[in-house]
Amino acid sequence: MNHIVEPESKEPDQDSIYNSVEDMETQEADSTEALDETERAAVEPAPDGGARPEQLNGDTDVCLVTTTQDAEMEEDEARSEATFSFSVPNFSKLKESVFSPPCFVRNLPWKIMVMPRTNPGQDRKPQRSLGFFLQCNADSESASWSCHASAELRLLSVKEGVDDFNRKITHLFYSKENDWGFSHFMTWNEVLDEERGYIKNDTITLQVKVNADAPHGVSWDSKKHTGYVGLKNQGATCYMNSLLQTLFFTNTIRKAVYKMPTENDDSSKSVALALQRVFYELQFSDKPVGTKKLTKSFGWETMDSFMQHDVQEFLRVLLDKLETKMKGTCVEGVIPKLFEGKTISYCRCKHVDYQSSLTETYYDIQLNIKDKKNIYESFKDYVEPQTLDGDNKYAAGEHGLQEAVKGVIFETLPPVLHLHLMRFQYDPITDSSVKFNDRFEFPDVLHLNAFLQAPDSTPAADYVLHAVLVHSGDNHGGHYVVFINPRGDGKWCKFDDDVVSRCTRQEAIDHNFGGQDEELNLTVRHCTNAYMLVYIRKSLLAEVLQEVTEDDIPLELTERLQEEKRLEAIRRKERNEQHLYMPVQVVLEDSFEGHHGPDLFDPEKVNYRTFRVKKSATLQEMMELFSESLKIPVDQLRPWPMTIRTNQTNRPTVIDMEGDLLKKVSDLADSTSAWTLFLETLPADRPAGATLPPFDKESDVLLFFKLYDPRTKQIHYCGHQYIAITSKVRELVPLLNERAGFPADTELQLYEELKPNYVERLEELETSLDKALEELMDGDIILFQKAEHDPCDGELPTVEDYFKDLFYRVEVTFCDKTAPSDPGMVIELSQRMNYDQMARAVALRLGTDPYMLQFFKAQNYREGPGNALRCTYEGTLKDLLVGYKPRQPKRIYYQQLSIRINELENKRQVKCIWVGPKLKEEKELVLYPNKDGTVGDLLEEAAKQVQLADGGSGQLRLLEVVGHKILSVVKELTALDTLPVGSAKVYRVEETPRDELKLEDDELLVPCAHFQKEIFSTFGVPFLLKIKDGEPFSAVKERIQKRLEAPEKEFEKFRFAVVSQGTQKFVPDDADWHLNMQDIRPKLSAAGSPTLAVSWLGLEHVNKTPKRSRYNYLEKAIKIYN
């Protein structure tokens, strides 16, 4: 229960609800925090420990509906407003809370709650009071619902001439704060005093007039109540939802979008198709429509859906994208025809016959609302002529500078007029963007003839208000909703993401004018106001809003979207029934081809054929499913479940096809998560009608064969065979020679694959299989190779060598260090490789010299390159990959070099910024002087990469810069290894001006830096300036202006200060003032120049360079990538 002593001081700040949380459903708060001790007691449980009982005490009046809604809404429980009363007899004996019967508003039950309360009075003595609260949806067990409402709580008068006593509240009702009102509505004695006129026969009557928004998080049927549906919010996409609804109800646009040819478009990347899908769903769906496929088609990542954007910026980007997509189609030109108007910018001289003009097109008009009462004042401001005189005269060609009048006038206005109200503007006082919530009025019908160059008489430029996009919050975030007049007939609806509700004209228009608290009524939030308006030309209203029927949608599009829905329904059904099925992963024998590792296939790389099989299905039914899918008769199929043996090998095992045929699949499988089978099929070369040979699990064994070729160092799969377990090992030789294509009498060496990466040679060929093979089982693998009496000189001459090497095989991903998003290239290498072998392997893939590559270890704690590897690294690849988990992708970074790695390692990499004579940061230099070199060597390297100015000194110098201020000029003899390197320190290379090569005794180089307001707010490119002792400062200013190439008008606004030891002393405007060298002492340091001043000269002016906002995550530019 939540209570208010005084609404002004105890109500929550409603603005805060909308400032930075876009899709609020609940507001976490401790409702007792703001209460005094007496109020806290009221929310405690009853003395018996249970909840306070709900008692109905006395007679109640029926709900009295006195709304101003449409007639058909008056008896509707979904209505937005209602007035209901509750009479309490025997009031003086009231001891516990009593509740009225529910009155339904917005489909939620609302009750009056009355209770006696005890509050401390002015003299701190307990004072009994009447507690009066409005309760909403208290019996709901849901924790996700919310409903914003305002109400007037009244104690009705029973005496003629006495007014009702009323107080107002506004609150976001939700599960934890489902009631709101006043602990001290009126003192108990005042209520009981019949002279005051509020009680008669010990009975009082309380009344509530409540106005509620459509609720969130409950079953609200927007289609039923309004005929329209909303759009789901992905996190922070309310700005997009509001605009999409506006475009959807601009029916001409909807028709054009439907007609865009998309039959050949990729369903996941086509913006046009995704927009068609959203519009189609909005038109025909009964439930809120999702927009994830649309944002995915934009090329947006998940985080883009959680970034707040400007609705006008999104409108421009989307219309531009649609206009581009419509070119060359049957709907080309629809967007400019609908939204494009023209303005004429003119400049007319006052005293000579000279003028110029420029015609420009626009899709929206930005109106200044600051200090403007209404939209007409903004339009007048927009076209208000501006006089150019004084220093701001107009350059009129041969007439020279002339006084002139410049302005803009509308040549044409479009059928659909988008008006952007500039509520967000730069505030020079706070040096940031702020939102202006000033009151700004706009009408239902807008008359714009007066603002046209040639006013239209028939028909007049009259516009009907079609949509009001409203923003709640401030410049750091908030929430968008849109009020739309769909048919242009004055019947408004509110579209708040997934919730659509009917609303009055007053709610749609008057409540969104904005204004300060005293100007607003109870239902309006201070930070909520119109941000964008959509008007439609009255004469074209019927054409723009012409009904869109199914006949306007191409048949191919309808069929495609319906097929998508059908497939989605199937997938949804599959997900819902997933617990009834189990996946069966089938691997066929052709998957064993090309596998060069242990076992028969790599489970992570094999291409399974996955079947959804009911857990209750029998083995026979599963085989029939395989037969139907593979188009192979059942008698030509035999399943072999794959099993992980105790020695960690993955091999097929036998299944009793006769005894288990009627058993359930779930009983046969090891796990219901995924069952893997090797499905044996009849070879293709067998005659028609043939069946698989019989297999006797008592006397036969299933063996697989693999051939090793030491010359290619590869394993080749050679099929399988049923073999009698009593057969001798030698009997396999003719079969294996046949499979390998060898002569029948070829001698072979045979091996058994016992474990991953471990084989054992079969020496006794005359022994039976059951004795020769260790624990003979189905699925055993025999490897063989030619018996070489003179082994080849290869690295891996035998199967044993191959499998030992296989143990060390690892896949490494090599990523280009210079390309942050490089997915890398995967190379299989041996962990026993040294640096040279690894470098050769990577260079072979890149087509470069291995000595032109540099490698970097990956950082263990996060992705990214770590320390560089020396080319003399003596460890192995295994040593480089220490710290990686077995299945974790292993990365090594590389970069291609311009010099050989062995040379690079004797050099030091130094990054500098090259700045030209015009003080523009031109490019970054990456220099490689010798490690034991000096700054002079560094400058020699820099001279090879930069273009020096003609007629310059040809001599370079190195500056040490921190925080946009020059600390020192580094001497050429300074050793490079003594240069401190830090993240905030920048080394700058520039050409020394001729006049600074040699300084006289009375001359000094003074560092100059730009700053705004405060000396620590430095920015821009600092520079050095030669100053002579006693030189008039006016001459210094002239040189600075010339160096900066600053326009006279802009330079006049500069202020200058001598900054020393953290304090500034502004230079007076006195023309005779001069710099005193004793105030600017030289810096005598080992690394610096003795002629560089300690103090610096500050240039104070506005920083016009774009700044990175603290809230840049909210201000990322909108882009549609596809």
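This text goes with the structure placed above it.
Report on the accompanying structure. (Residues numbered from 1 in each chain as written. Predicted model: local features only at pLDDT ≥ 70, side-chain atom pairs only at ≥ 80, totals over all residues. Heavy atoms only, no water.)

1. As for a negative patch on the surface
For clarity, the cut-off: To count toward a patch, a residue needs a relative accessible area over 30% and no salt bridge; like charges are then connected within 9 Å, while nonpolar side chains (Val, Leu, Ile, Met, Phe, Trp, Tyr) are connected within 5 Å. Shrake-Rupley sampling with a 1.4 Å probe provides the accessible areas, and residues are treated as covered by the protein chains on show and by no other component. Salt bridges are defined as contacts in which a side-chain nitrogen from Lys or Arg sits within 4 Å of a carboxyl oxygen from Asp or Glu. Only four residue types enter the charge count: Lys and Arg as positive, Asp and Glu as negative, with His and the chain ends excluded. A single reference atom marks each charge: NZ on Lys, CZ on Arg, CG on Asp, CD on Glu. By the criteria applied, helices consist of DSSP H or I runs no shorter than four residues and strands consist of E runs no shorter than two, each listed in order from the N terminus.
A contiguous patch of negative charge, built from D932, D937, E940, E972 and D977, is present on the exposed surface. Examined against the element boundaries, E972 turns out to sit in the loop between β45 (965-970) and β46 (985-991).

2. Structural notes on helix α18 (residues 732-740)
Let me state the cut-off plainly: The rule is simple: take the accessible area with a 1.4 Å probe, protein chains only, and divide by the maximum for that residue type; under 20% is buried, over 50% is exposed, in between is partly exposed. Residues are treated as being in contact if the distance between any of their heavy atoms lies within 4.5 Å.
Taken residue by residue, α18 has L732, V733, L735, L736 and N737 as its buried positions. Of the surrounding secondary structure, the elements contacted by the buried residues of α18 are β32 (700-709), β33 (714-724), β34 (748-755), α19 (769-772) and β36 (780-786). A positive phi of about 80° marks G741, the residue just after α18.

3. A word on the sheet that holds strand β28 (residues 609-614)
To summarise the sheet geometry, strands pair through backbone hydrogen bonds and adopt either a parallel or an antiparallel arrangement. Rules: Paired strands are those between which DSSP finds at least two bridges. Each axis is a line fitted through C-alpha atoms, taken for helices only over the stretch in contact, and angles between the N-to-C directions span 0 to 180 degrees.
The 5 strands are arranged β28-β27-β31-β29-β30 in an open sheet whose pairing can be described as mixed. If you trace the sheet from one side to the other, it starts and ends with β28 and β30 (650-652), each paired once. The average undirected angle you get between the axes of adjacent strands in this sheet is 35°. Where strand β27 (residues 581-587) and strand β31 (residues 675-681) come together, 4 bridges link them in parallel fashion.

4. Some details on the pairing of strand β47 (residues 1003-1012)
Within β47, 10 of the 10 residues are buried, which leaves the element mostly enclosed by the surrounding structure. Of the two faces of β47, the one carrying E1003, L1005, P1007, A1009 and F1011 and the one carrying L1004, V1006, C1008, H1010 and Q1012 are both buried. As paired strands, β47 and strand β48 (residues 1014-1028) are joined by 9 bridges and run antiparallel to one another. From the neighbouring strand, P1007 faces β48, where its bridge partner is L1024. Where β47 hands over to β48, the hairpin turn is made up of 1 residue, of which K1013 adopts a positive phi near 70°. Where β47 meets strand β51 (residues 1096-1100), 4 bridges bridge the pair, whose relative direction is parallel. Bridging across to β51, F1011 finds its partner in E1100.

5. Describing the nonpolar core
How we decide: Buried Ala, Val, Leu, Ile, Met, Phe, Trp, Tyr and Cys residues that are joined via side-chain atoms within 4.5 Å together make up what is termed a nonpolar core.
Ranked by size, the top nonpolar core spans 64 residues in total, and within it F279, F298 and F339 carry the most contacts. Looking at which element gives the most residues to this core, the answer is helix α8 (residues 271-284), with 9 residues. Those residues in contact with F279 that sit more than four places away from it in its chain are L244, L247, F248, I253, R254, V257 and Y258. Of all hydrophobic cores here, the second largest spans 38 residues; its members include F91, V105, L130 and V210.

6. Observations regarding the side chain of R254
Note the threshold: Polar contact is the term for a pair of N or O atoms within 3.5 Å; when the atoms are in protein, one must be able to donate a hydrogen and the other to accept it, and sequence-neighboring residues count only if both atoms are side-chain atoms.
Mapped onto the elements, R254 comes out in helix α7 (residues 251-258). Of the side chains bearing the opposite charge, D552 lies closest to the buried R254, which forms no salt bridge; the N-O distance is 8.1 Å. Polar contacts involving the side chain of R254 include one to the main-chain carbonyl oxygen of F248, which spans 2.9 Å. Side chain to side chain, R254 and N251 meet in a polar contact 2.9 Å long.

7. A look at the environment of F279
Structurally, F279 can be placed in helix α8. Along the sequence, F279 and L247 sit 32 residues apart, while their C-alpha atoms lie 9.3 Å from each other.

8. Describing a positive patch on the surface
On the surface, K232, K287, K292, R571, R572 and R575 cluster together into a positively charged patch. If one sorts the elements of the positive patch by residue count, helix α15 (residues 555-576) sits on top with 3 residues. Along the chain, R572 falls in helix α15.

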